[in-house]
Amino acid sequence: RAMDQVEAILSEKKFLCGDEMTLSDVRLFVTLIRYDPVYYAHFKGSRNKVKDMPNMFRYLCQIYQMPGIKDTVDFDHIVKHYYGSQLMVNPTGIYPVGALKIDADLLKPNL
């Protein structure tokens, strides 16, 4: 339900609160950037991937492609940390290699 609400908001606005990026956008970005590579499978949040929700994915790409943002995201660290350190959820510590390849999707031109 929350993903549907955010998807609806972003269908009408560039950012959560309009045309200007706010702290709310920064906080949503750090969640969304981890969602497909980690939360979707690791925490079984498998309702939808962000890349399957066009407005959220456009929003995520738009922020990721802002100058300096990409340099702050380390997918290798994100994936290996979550899958390797939470042994109650993932006792083997095995992580999906495909989760490390999400960067290319985020660099596509905004839709």
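A. View of the overall build of the protein chain. Looking only at helices and strands, one finds five helices and zero strands in the protein chain. Element order for the protein chain, N to C, with α for helix and β for strand: α-α-α-α-α. Against the 2.2 N^0.38 benchmark of 13 Å for 111 residues, the protein chain shows a C-alpha radius of gyration of 14 Å, consistent with a compact globule. If one aligns the C-alpha atoms of the protein chain with their principal axes, the spans along those axes are about 45 × 30 × 25 Å. Evaluated residue by residue, the protein chain yields a buried proportion of 37% over its 111 residues. Across the protein chain, the centroid of the 14 positively charged side chains sits 5 Å from that of the 13 negatively charged ones.

B. The arrangement of the environment of D4 in detail. Of note, D4 is situated in helix α1 (residues 2-12). Taking relative accessible area as the criterion, D4 reaches 38% and is therefore assigned partly exposed. In this structure, the C-alpha to C-alpha distance between D4 and P91, residues 87 residues apart in sequence, is 32 Å. Setting aside residues up to four positions removed in sequence, D4 forms contacts with R47 and M53.

C. Up close: the nonpolar core. Ranked by size, the top nonpolar core spans 28 residues in total, and within it I33, M56, Y59 and L106 carry the most contacts. Within the residue set of this core, elements represented by two or more residues are α1, α2 (23-42), α3 (54-64) and α4 (75-85). Not counting residues up to four positions away in its chain, the partners in contact with Y59 are L10, K14, F15, L16, D25, L28 and L32.

D. Quick look at the packing of aromatic side chains. Per the stated rule, a full pass over the model turns up four aromatic pairs. Here Y39 and Y82 contribute two aromatic rings whose centre-to-centre distance is 5.7 Å and whose plane-to-plane angle is 85 degrees, an arrangement assigned as edge-to-face. Within this pair, whereas Y39 is found in helix α2, its partner Y82 is found in helix α4, the two being separated by 43 residues in sequence. What makes Y82 buried here is its relative accessible area of 15%. Seen from their ring centres, Y64 and F75 are 6.2 Å apart, and the 45 degrees between their planes marks the pair as tilted. Residue Y64 is found in helix α3, and its partner F75 is found in helix α4; the two are separated by 11 residues along the sequence. The same class applies to Y64 as to F75, namely buried.

E. Main features of α3. For α3, a buried count of 10 out of 11 residues is recorded, marking the element as mostly surrounded by other parts of the structure. For α3, the complete set of buried residues consists of N55, M56, F57, R58, Y59, L60, C61, Q62, I63 and Y64.

F. Summary view of the environment of H81. With respect to the helices, strands and loops of the structure, H81 is situated in helix α4. With a relative accessible area of 39%, H81 lands in the partly exposed category. Taking the C-alpha atoms as reference, H81 lies 16 Å from L32; in sequence the two are 49 residues apart.

Thresholds, definitions, all that
Residues numbered from 1 in each chain as written. Predicted model: local features only at pLDDT ≥ 70, side-chain atom pairs only at ≥ 80, totals over all residues. Heavy atoms only, no water. Helix = DSSP H or I, 4+ residues; strand = E, 2+ residues; numbered from the N terminus. Rg over C-alpha atoms; globule rule 2.2 N^0.38 Å. Buried < 20%, exposed > 50% of the residue type's maximum accessible area, 1.4 Å probe, protein only. Lys, Arg positive; Asp, Glu negative; His and termini not counted. Charge placed at Lys NZ, Arg CZ, Asp CG, Glu CD. Contact = heavy atoms within 4.5 Å. Core = buried A, V, L, I, M, F, W, Y, C linked by side-chain atoms within 4.5 Å. Phe/Tyr/Trp six-rings, centres within 6.5 Å; stacked < 30°, edge-to-face > 60°.

Purely geometric stuff here, so don't read any function into it on its own.
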